[in-house]
Amino acid sequence: MDLLPFIMFIMNSSLSSGQVPAAFKTARVVPILKKPTLDSSDVCNYRPNLLQDPNQSGFKPAHSTETALIAVTEKLQTARASKLSSVLILLDLSAAFDTVNHKILLSVLADLGIAGSAWKWFESYLIDSIQFGV
């Protein structure tokens, strides 16, 4: 079953209405020990990036933003050579919950000219978003 039409419908509806579905505004943080034999009371024994994507370069030895850029560029070039369409969306809101004042961020976005449903979408995402551990 091809999920792309459903995903596109959800994203287009979310963006055009300026509302992020509530289910997309909750993150469950699951701490994972580096090795099962390590002391679980020592926070240093947990993986530094708990929800790490295998394509993510952060916290990996011998990986950097350069290796990530090269990997993405190669994938895009391969798709182009195969006459496939590509869409690249980069949105990093990982620190939006704990290091950035949401009201200031929204004000800056407005100052940059982001308005209407696009601004409302960011507001909807930032307001009432939660993270919880297990």
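To be clear, the structure that these remarks concern was listed above.
All of these numbers come straight from a predicted model, not from anything done at the bench.

Peer 1: Please clarify how the overall build of the protein chain should be interpreted in this entry.
Peer 2: Broken down by element type, the protein chain carries 4 helices and 2 strands. Here the protein chain, with 134 residues, has 14% of them falling under the buried criterion. For the protein chain, the proportion of contacts with a sequence separation of at least 24, taken over those separated by at least 6, is 46%.

Peer 1: Can you walk me through helix 3 (residues 102–111) in this structure?
Peer 2: At 3.6 residues per turn, the α-helix brings residues three or four places apart onto the same side. Within helix 3, burial applies to His102, Leu106 and Leu109. Relative to the axis of helix 3, the buried residues are bounded by an arc of 60° and lie together on one face. Facing away from the buried side of helix 3 by over 90 degrees, the exposed positions are Lys103, Ile104 and Asp111. Buried residues belonging to helix 3 abut helix 4 (116–126).

Peer 1: Mind showing me how you'd approach the side chain of Lys25 here?
Peer 2: Relative to the elements of secondary structure, Lys25 occurs in the loop between helix 1 (4–17) and strand 1 (26–29). Lys25 gets classed as buried once you look at its relative accessible area, which sits at 13%. A polar contact of 2.9 Å, which involves the side chain of Lys25, links it to the backbone oxygen of Ile127. In this view, Lys25 contacts Val20, Ser124, Tyr125, Ile127, Asp128, Ser129 and Ile130; residues no more than four positions away in its chain are not counted.

Peer 1: Can you help me understand the side chain of Ser14 in this one?
Peer 2: Topologically, Ser14 is positioned in helix 1. If near-sequence neighbours (up to four positions away) are discounted, Ser14 is found in contact with Gln19, Val20, Pro21 and Trp121.

Conventions we followed
Residues numbered from 1 in each chain as written. Predicted model: local features only at pLDDT ≥ 70, side-chain atom pairs only at ≥ 80, totals over all residues. Heavy atoms only, no water. Helix = DSSP H or I, 4+ residues; strand = E, 2+ residues; numbered from the N terminus. Buried < 20%, exposed > 50% of the residue type's maximum accessible area, 1.4 Å probe, protein only. Contact = heavy atoms within 4.5 Å. Arc of directions from axis to C-beta. Polar contact = N/O pair within 3.5 Å; in protein donor to acceptor, adjacent residues only side chain to side chain.

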